[in-house]
Every structure is written in C-alpha cells, then in structure tokens.
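In case you want the letters, here they are:
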There are 2 protein chains.
Amino acid sequence: MPAPRIVITYCVRCRWLLRAQWYAAELLQTFESELGEVALRPAAKDVEAGVFRIQVSASDDGVPTTVWNRKRDGGFPDIAELKRRVRDLVAPEMSLGHADRSANR
Amino acid sequence: MPAPRIVITYCVRCRWLLRAQWYAAELLQTFESELGEVALRPAAKDVEAGVFRIQVSASDDGVPTTVWNRKRDGGFPDIAELKRRVRDLVAPEMSLGHADRSANR
C-alpha cells in the first residue's frame, strides 16, 4: 500500500495559501513517518470560491476521505481535532498526547 | 492534460521542511493558475539523507523532470533560477519579469 497522501485545496482569491501551509506543516511534523506527502492545491479562480478542503487518501482503493470541508464543517479546523481525524485514518494506534487528552476533557 | 504537479522531496532529519515550504509558496504564488498542486514529501529517515529534490510533472506521460537536485546541482536553488526552470516546463511563454531580466544581465 502506498504511503497516505493528503491534499489541501484552498481558495486563492481568499489568500488562504498561508494557512494551508501551516496546516500542511503541522501534519507533516506530526505524521512525518506515516505520510507519503502533503499537497497544496490552489483552487481554480471563480470555480471554487471560498473552498478549504482537506482530503486523505489512505486506503488501497485510493478514494480520498474528506476530513475537513470549510463549508460542511463550518470555518477552519482546530488543529487537534484535525490531527485526530487524520490519525484515525493513517495511524489509528498512534497517541497524539495533548491532542488526545484535550478531546477527553 | 492534467495541470502540472510539482513534488519537493526534503530530508526530514536535516530539518528542511521550512525551506521546502518556502519554495512551495514561491512557486504557488508565481504559477497559481498554471500548477495543479505542489506536494511536500518527507524523505524516509536514513534512506535519503541530505536529499532536496524538486520535480515537475508537466507532460502527458507523467514522467517527472528533476529541475533541482541538491546533490547534482550543488546546494539549494536561487529562486529566480528555479522559477525559470519551472516556467520553461509549465508555461514557456510566460514572462517572469525581474527573474528574466536578472538572467540576462
């Protein structure tokens, strides 16, 4: 099975490159041994206005799971919540330390 | 033809994520309408020590062209030179302004 891949699609006109990069770096540092790559994908102008979507392809079939969609989930993800959703797909046994404890409060 | 894709492979142990991100952002901002995505790929520990490689897949056959390889090219790319190499593959007619003028000096 190829290493999991994450794609972050961001709205260019909204100037969300910087926050897409921040999420990418957080995921790459937390899952540096688990992820094959994290891709930043600029959404075509005028086609997907306001899009901010994070997809994980972790299974053999290659069908991506949308772990965050700004329009569905409301705004931008809390980083701990995002890491839990990614962890559940790419490394279910992995402990996230703080991020897990804050979820159990 | 799918939009061109760039992959930046970086050595994790060398802590080159931050500079990989910077190159990714420069390329995404300059070629925001030309690129499909830019992916950051952490090199497996102990397998590719010291790797910093930038590859562009722009053709139908999907075979990537290595536009920069730290070990081949010596160190890290000047950003203007990198943009020229990427431009030549993904948007040969595009002017890079300053970056082109500095090459003609």
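Report follows, based on the coordinates.

About the thresholds
- Residues numbered from 1 in each chain as written.
- Chains lettered and ligands numbered in written order.
- Predicted model: local features only at pLDDT ≥ 70, side-chain atom pairs only at ≥ 80, totals over all residues.
- Heavy atoms only, no water.
- Least-squares fit on C-alpha atoms with pLDDT ≥ 70 in both.
- Contact = heavy atoms within 4.5 Å.
- Phe/Tyr/Trp six-rings, centres within 6.5 Å; stacked < 30°, edge-to-face > 60°.
- Helix = DSSP H or I, 4+ residues; strand = E, 2+ residues; numbered from the N terminus.
- Buried < 20%, exposed > 50% of the residue type's maximum accessible area, 1.4 Å probe, protein only.
- Pairing = 2+ DSSP bridges.
- Axes fitted to C-alpha atoms, helices over the stretch in contact; angles between N-to-C directions.
- Disulfide = S-S within 2.5 Å.

## With respect to the relation of the copies chain A and chain B
Mapping chain A onto chain B leaves a residual RMSD of 0.0 Å; the transformation is a rotation of 180 degrees accompanied by 0.0 Å of translation along its axis. Such a combination of turn and shift is consistent with a two-fold rotation axis. Judged by C-alpha distance, Ala39(A) is the residue of chain A that lies nearest the rotation axis, at 1.9 Å. An overlap of 100% is found between the interface residues of chain A and their copies at the interface of chain B, pointing to a shared contact surface.

## Considering the packing of aromatic side chains
Here the structure, examined in full by the defined rule, presents 10 aromatic pairs over all chains. Here the aromatic rings of Trp16(A) and Phe52(A) are separated by 6.2 Å at their centres, their planes lie at 80 degrees, and the arrangement is edge-to-face. Of the two residues, Trp16(A) sits in the loop between strand E1 (5-11) and helix H1 (17-30) while Phe52(A) sits in strand E3 (residues 52-57), which places them 36 residues apart along the sequence. Of the two residues, Trp16(A) and Phe52(A), both sit in the buried class. Seen from their ring centres, Phe52(B) and Phe76(B) are 4.9 Å apart, and the 70 degrees between their planes marks the pair as edge-to-face. Taken together, the positions of Phe52(B) in strand E3 (residues 52-57) and Phe76(B) in the loop between helix H2 (70-74) and helix H3 (79-90) put the pair 24 residues apart, joining distant regions of the chain. Judged by relative accessible area, Phe52(B) falls into the buried class, the value being 0%. Ring pairing ties together the aromatic residues Trp16(A), Trp22(A), Tyr23(A), Phe52(A) and Phe76(A), which thus form one cluster.

## Some details on the sheet that holds strand E4 (residues 65-69) of chain A
By way of backbone hydrogen bonds, the strands of a sheet pair with one another, either parallel or antiparallel. Strand order across the open sheet formed by 8 strands is E4(A)-E3(A)-E1(A)-E2(A)-E2(B)-E1(B)-E3(B)-E4(B), with mixed pairing between neighbours. The outermost strands of the open sheet, each flanked by one partner alone, are E4 of chain A together with strand E4 (65-69) of chain B. Strand-to-strand, the axes of this sheet are offset by a mean angle of 20 degrees, without reference to chain direction. Running over the sheet, H3(B) touches strand E1 (5-11), E3 and E4 of chain B and is turned about 180 degrees from E4(B).

## Topic: the environment of Ala91(B)
Tracing the sequence through the fold places Ala91(B) in the loop between H3 and helix H4 (98-104). If sequence neighbours within four positions are ignored, Ala91(B) has contacts with Glu34(B) and Val86(B).

## Considerations on the state of the cysteines
Residues and elements named next belong to chain B. Counting across every chain of the model gives 2 disulfides over all chains. Between the sulfur of cysteine 11 and that of cysteine 14 lies a disulfide, 2.4 Å long from S to S. Measuring the twist about the S-S bond at about 75 degrees, one finds the cysteine 11-cysteine 14 disulfide to be right-handed. A relative accessible area of 4% means that cysteine 11 is categorised as buried. Given the relative accessible area of 28%, cysteine 14 is considered partly exposed.

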